[in-house]
Every structure is written in structure tokens, then in C-alpha cells.
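Descriptive analysis of the structure
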Amino acid sequence: MRNILLTILLLFSCCFNIKAIGNLTQDNKDLEAPIGYTEQDGIQYYLYKDLKTNEYCANVMFLTKSIDALTIPSKIKFEKEKYIVRHIVGLGNFKSEISIVILPKTIKTLGGFDNCKKLYGITLPSGLEEIKDFAFANTPLAYINLPKSLKRIGNDAFTECRFISLELPEGLKEIGHSAFRNCSLLTSCEIPSTVTNIGEGAFRNCKSLKRIKLNSEIKEISNHSFAGCTSLEEVELHENIKRIGNYAFFECSSLRKFTVAPFSTIENIGDYAFGGCKSLVELPNSPFTKKIGEGAFSFCKSLKDFSITVDTIKAKTFELCESLISISISSKYIGNNAFYNCSSLKNVHLSKNIKYIGYGAFNACSNLEYIDITSDIEYGAPLEDIFGINSKVDYSKISKSFKYYAGLVLKDQINEWRKKKEYETTSQWKSRVTEDNQKKKITELIEDVRNKYVLEFAPKTLKGTLGTFDADYGAYPINAIGINNTFYAQVPLDEAQAFKENWDKVVMQPTYGVVDDQLGILSCTFKLGNKTYQST
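Residues numbered from 1 in each chain as written. Predicted model: local features only at pLDDT ≥ 70, side-chain atom pairs only at ≥ 80, totals over all residues. Heavy atoms only, no water.

1. As for the side chain of T38
Residue placement: T38 occurs in strand β1 (residues 32-40). The contacts of T38, once residues within four sequence positions are left out, are I43, Q44, Y45, L47, I76 and F78. (Helix = DSSP H or I, 4+ residues; strand = E, 2+ residues; numbered from the N terminus. Contact = heavy atoms within 4.5 Å.)

2. Description of the pattern of salt bridges
Evaluated as defined, the whole model comprises 18 salt bridges. Across the pair R152 and E130 runs a salt bridge, and its minimum N-O distance is 2.8 Å. Of this pair, R152 sits in strand β12 (residues 152-153) while E130 sits in strand β10 (residues 130-131), placing them 22 residues apart in sequence. The class for E130 is buried, based on a relative accessible area of 18%. One salt bridge connects R152 with E174, and the closest N-O pair in it is separated by 3.5 Å. Highlighted residues: R152 in strand β12 and E174 in strand β14 (residues 174-175), separated in sequence by 22 residues. For R152, a relative accessible area of 18% corresponds to the buried category. Through salt bridges with shared partners, one network takes in E130, K132, D133, R152 and E174. (Salt bridge = Lys/Arg side-chain N within 4 Å of Asp/Glu carboxyl O. Buried < 20%, exposed > 50% of the residue type's maximum accessible area, 1.4 Å probe, protein only.)

3. What to know about unusual backbone geometry
If you check the backbone angles, L320 has positive phi at about 60° while not being a glycine. Within the secondary structure layout, L320 lies in the loop between β25 (312-313) and β26 (326-330). We note that N341 has phi near 60°; this positive angle belongs to a residue other than glycine.

4. Description of helix α5 (residues 402-418)
The terminal C-alpha atoms of α5, which comprises 17 residues, lie 23 Å apart, in line with the 24 Å expected from a rise of 1.5 Å per residue. When α5 is considered as a whole, its buried residues turn out to be F402, Y404, Y405, A406, V409, L410, I414 and W417. N-cap assignment for α5: the residue whose side-chain oxygen lies 3.3 Å from the backbone N of Y404 is S401. (Expected span 1.5 Å × (residues − 1). Polar contact = N/O pair within 3.5 Å; in protein donor to acceptor, adjacent residues only side chain to side chain.)

5. Considerations on the environment of I334
Examined against the element boundaries, I334 turns out to sit in strand β27 (residues 333-334). Classification of I334 by relative accessible area gives buried; the value is 0%. Each C-alpha atom of the pair I334 and A315 lies 7.5 Å from the other, and the pair is 19 residues apart in sequence.

6. A few points about the nonpolar core
As a rule of thumb, nonpolar side chains are buried together in soluble globular proteins. F136, F158, F180, F249, F274 and F362 are the most contacted members of the largest nonpolar core, which has 116 residues in total. Not counting residues within four places of it along the chain, the set of residues in contact with F249 comprises I221, F226, A227, L232, V235, I244, L255, F258, A273, F274, G275 and C277. The next biggest cluster of nonpolar side chains, apart from the first, holds 33 residues, and it includes L462, A496, M508 and F526. (Core = buried A, V, L, I, M, F, W, Y, C linked by side-chain atoms within 4.5 Å.)

7. Describing the packing of aromatic side chains
Tallied over the full model, the rule gives 35 aromatic pairs. Between F297 and F318, the aromatic rings sit 5.5 Å apart at their centres with planes inclined by 10°, giving stacked as the arrangement. Here the residue F297 occupies a position in the loop between β23 (291-292) and β24 (305-309), and F318 occupies one in the loop between β25 and β26, the gap between them amounting to 21 residues. Both residues of the pair, F297 and F318, belong to the buried class. (Phe/Tyr/Trp six-rings, centres within 6.5 Å; stacked < 30°, edge-to-face > 60°.)

8. Description of the sheet that holds strand β31 (residues 378-379)
Read across the open sheet, the eight strands follow the order β18-β20-β22-β23-β25-β27-β29-β31; overall the sheet is parallel. At either margin of the open sheet sits one strand with a lone partner, and together these are β18 (220-221) and β31. As paired strands, strand β22 (residues 268-269) and β23 are joined by two bridges and run parallel to one another. By the bridge assignment, I269 is partnered in β23 with I292. (Pairing = 2+ DSSP bridges.)

9. A few points about the pairing of strand β2 (residues 43-50)
With seven of eight residues buried, β2 is to be regarded as a mostly interior element. Two elements, β1 and β2, share eight bridges in a ladder whose sense is antiparallel. Pairing of Q40 across the sheet is with I43, part of β2. Connecting β1 to the next strand, β2, in antiparallel fashion are two residues, including D41 with a positive phi near 55°. With eight bridges connecting them, β2 and strand β3 (residues 55-63) associate as antiparallel partners. Bridge assignment links Q44 to a residue of β3, and that residue is F62. Counted between consecutive antiparallel strands, the loop separating β2 from β3 contains four residues, among which N54 sits at a positive phi close to 65°.

Shown next, in the form of C-alpha cells:
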């Protein structure tokens with residue numbers, strides 16, 4: 001009768017442990033034979049036979065009464081058999097008073113001490129191999145020894161604990177997601193050479209952590225790993241790091257120095273990886289870096305100058321880097337608002353391979369005076385929206401170029417052309433909107449765009465200055481006001497003097513077109529009285 005009641009208690013009072021049991025036994029379902037349950041000295045055990053070792057084993061499942069000093073035996077006896085206590089799966093609803101814990105060396109995995117509000121310290125046994133997920137989460141734990149046998153620290157295992165320092169043992173291989181999240185008193189932690197994986201957010205919001213050194217086995221700094229570590233001052237990376245994850249060092253406001261090994265092979269810096277690192281003065285860059293994510297260095301208010309080689313600079317990458325003065329960029333793509341409000345920025349040197357600059361890329365850069373842009377670049381918005389209406393950058397020549405104008409107009413027209421029509425099947429639409437057909441469509445549209453360009457930029461009345469007559473060629477050079485190219489009026493030698501003396505009465509009738517990517521004069525007729533002259 002007593003065993004029946006304990007079974008009911010297991011099912012209804014500690015149903016949260018069912019998942020833990022499943023996780024523990026799922027991978028070993030063919031390696032153990034369940035025997036049953038027993039309660040001894042206020043502890044409920046799950047009993048089974050380990051088919052691999054042929055041992056009788058027991059797992060702690062929950063407490064059946066309130067205990068302040070918890071002693072787990074190395075073995076328990078049930079129906080004449082002795083069972084080795086191997087795992088602590090959970091402690092149930094009676095764990096809140098636990099302040100002292102004594103564990104046997106037989107324990108291999110351990111969990112269930114989360115929310116033990118009176119547990120300030122614990123000594124772990126030398127044979128322990130894994131600390132399970134949430135094992136000590138939300139406890140005031142300030143002291144713990146981690147044995148050399150330990151291989152894994154689970155997800156959220158020590159969330160909100162109160163360590164000041166922590167020595168991770170050699171032999172440890174994995175640190176789980178959020179394992180030390182919100183350990184706000186932790187000041188130092190050295191990652192052993194054996195660790196190959198640090199989970200997302202492992203040290204997030206460890207606000208007292210000052211320095212971190214990662215071993216050469218770690219290839220990636222996971223998302224949010226050190227985000228919110230506001231006292232972190234220095235990070236040292238080895239040459240094998242391939243990726244720095246999204247928000248990895250987000251708002252590490254004291255981070256000044258980020259040391260990268262000379263032959264570093266960082267390929268990817270994630271979104272907002274260093275966002276809000278307002279003390280960072282050096283840019284962690286590698287010649288192998290291929291991608292820098294959105295907002296990766298936004299609000300890095302102490303960055304002053306740097307050169308960067310990367311295929312793509314995404315949106316908001318250097319937004320509000322207000323101390324930035326000069327940069328050299330070797331990139332093909334600069335995203336929207338990439339350097340928005342970099343208020344001290346004066347000089348930007350772009351490589352010849354730049355292909356695209358997005359909306360607001362240099363907007364609110366109030367001191368920007370020089371940037372080597374050309375009309376060959378594709379612009380994701382009008383130049384006044386890229387640089388801002390109060391920009392000091394003189395982009396007037398580019399804004400009047402045919403390539404720039406055609407790029408904006410054709411973009412809208414092609415986008416409209418690419419839309420699926422109301423009475424067009426998906427199959428017909430896919431057949432119509434192909435790369436080859438798009439090229440043909442651009443060719444069809446370009447002449448119309450050229451005519452619109454001429455109409456928009458051509459002056460209503462052409463005026464110009466007359467140069468010195470070339471008697472050998474019988475021509476006057478003419479420099480038209482507001483037009484870049486010089487053209488020539490053919491005038492007979494005996495009429496040249498009269499043409500010059502009456503230049504203010506000459507009426508020019510030009511034919512406009514595109515010359516060297518700008519509005520130019522293709523030909524011109526000159527009328528003076530009843531006489532007509534032509535350009536060369």
C-alpha cells in the first residue's frame with residue numbers, strides 16, 4: 001500500500017521531473033532495466049539495473065519531506081539488493097530549506113538544486129561528470145568546487161549565483177547556454193584548454209567580469225556570450241576563432257581592448273556583436289573577415305579611425321560612432337544607415353570596387369567633407385537622403401550625371417515591370433521576368449530615360465562665352481554656362497570679326513545629349529541676323 005501511495009505522489013506532486021527522467025533514460029533505454037521506486041529517509045529513488053555494467057543503480061527523484069541538511073548515500077538497500085546512487089534528477093517541492101549538502105563519490109550527474117535559497121556553498125564529488133540544466137539556478141551559491149572529472153556544465157546551471165571567482169577544471173568540454181548568466185559578482189573566469197563549446201549567453205550580464213581569455217579549441221563565440229558584461233575591459237582571442245556571434249559583446253561598456261592574434265581567421269562578426277561598446281578604441285579586424293553584421297559596432301563612441309576590408313558593411317554597422325574621424329573602406333556594399341550620425345567623421349576613402357551605397361549611409365555626418373564617390377556606384381536612394389540635406393559633401397556633379405539619374409529612374413521602372421500582373425499566371429510571370437528579359441527591358445527604356453534626363457537638366461536658354469578664334473580651322477571655341485563640354489562654331493574668316501562683335505546678339509539653338517556621363521551639347525545652330533552658322 002505504501003509503494004502505491006508513493007507512486008501516486010511521484011505522478012502528481014513532482015510531475016515536472018517526468019521530463020528529466022525521460023531525458024536521462026531516453027538515450028539509455030536499451031541499457032537499463034527499470035525496477036521501480038522506493039522512499040528512504042525522506043528521499044524518493046528510481047531503481048533500475050544498468051545492463052552495460054550489470055550494476056543495480058538508483059536515481060534521486062525528489063524529497064518527500066523538508067530537509068535542511070541533505071546527505072545522499074552512496075548506496076541504498078531495497079529487497080536484499082544494494083543500489084548505487086548515480087544521478088540526482090530532481091528534489092521536488094521540499095528543497096527550500098536545504099542549506100547543507102553532502103554527496104557521495106558515486107554521483108555522475110547532478111541537478112535539481114535550483115531555487116534553494118539557503119544554499120550558499122557545496123562540495124561536489126570527484127567522480128561527477130555533468131551538472132545538469134538549471135542545477136543551481138537562482139540560488140545564493142557563493143562557493144563550489146568543480147572536480148576534474150567534470151565534462152559538461154548544463155544550460156542555466158548557475159544562473160544568478162553569487163560566485164566572485166570560479167575555477168573551471170581542465171577536462172571540461174562544454175559550457176551550456178546561459179550557464180553563468182546574471183552571476184553579477186563573478187570577476188574572473190579562465191576557460192580551460194579542453195573546452196570546445198561555450199553556449200549562447202553563457203556569461204551574459206556578468207557585470208563584474210573584467211577579463212576573459214579563450215583557448216585555441218574554441219572556434220566560435222556564441223550569440224550573447226558576454227553581452228552586458230559592463231566591467232569587461234579586455235578580451236584576448238586566439239587565431240582559430242572563425243565567428244563572433246550576434247550580440248556576443250553587446251553593451252560591454254568598459255571594453256577597451258580587443259586583442260586578435262596576428263594570423264586571426266575571423267570570417268564573420270555577427271549583428272550588434274560590439275554594439276554599445278562605448279570604450280572600444282580598436283577595431284577587431286582580420287584580413288579573412290567576409291561579413292560584418294548589422295549594427296556590429298554601433299554606439300562604439302570611442303572608435304576614432306580604422307581601415308576595413310570586407311565584402312559587405314550592413315545596415316547601422318557604425319551608427320553613432322561619434323568619435324570616428326577617418327576611415328578607409330574596401331567593400332562592395334555599404335548598407336542603410338551604416339555610418340549614420342558619425343558626427344566627427346571628416347574623411348572617407350572608398351576602394352574602386354565599391355558597388356552600392358544604401359539609404360542614409362552617411363546621413364547626419366555633419367563634419368564629413370571628403371568621400372571619393374562616383375556615378376558608377378549604385379545608390380539605394382537620392383543623394384540627399386544618403387548624405388542628408390545639410391551635408392558638406394559636394395555631390396552636385398554626381399547628382400547631375402546620367403548614370404545616377406538613370407539608376408534611380410530605371411530602378412523604379414524595373415521594379416514596376418517585375419511585379420506580377422493581375423491577369424498573369426505565375427508561370428507566365430516567371431517566364432517574363434528573367435534576367436535576359438530584364439536586360440532587354442532596360443535597353444528598351446534607356447532611350448526614353450535619356451530623353452527625360454535631357455528635358456530635366458537642359459537650360460531653357462543657352463548662354464556661353466566666346467573663346468579666341470582659330471583662323472586655321474575657322475572656328476570659335478564656346479564654353480557654355482552650366483554645360484561641361486566645349487563645342488565650336490564654324491565661322492568664315494571674313495565674318496569672324498563681326499560674329500565676335502555681335503556675340504551678345506547670337507541666338508544658340510543646341511541639340512542636347514549625354515557627353516561623358518553629363519548633359520552635353522551634341523550640335524548647335526547659331527543665328528545672327530539673317531545668317532546661320534553650325535557647330536563643328
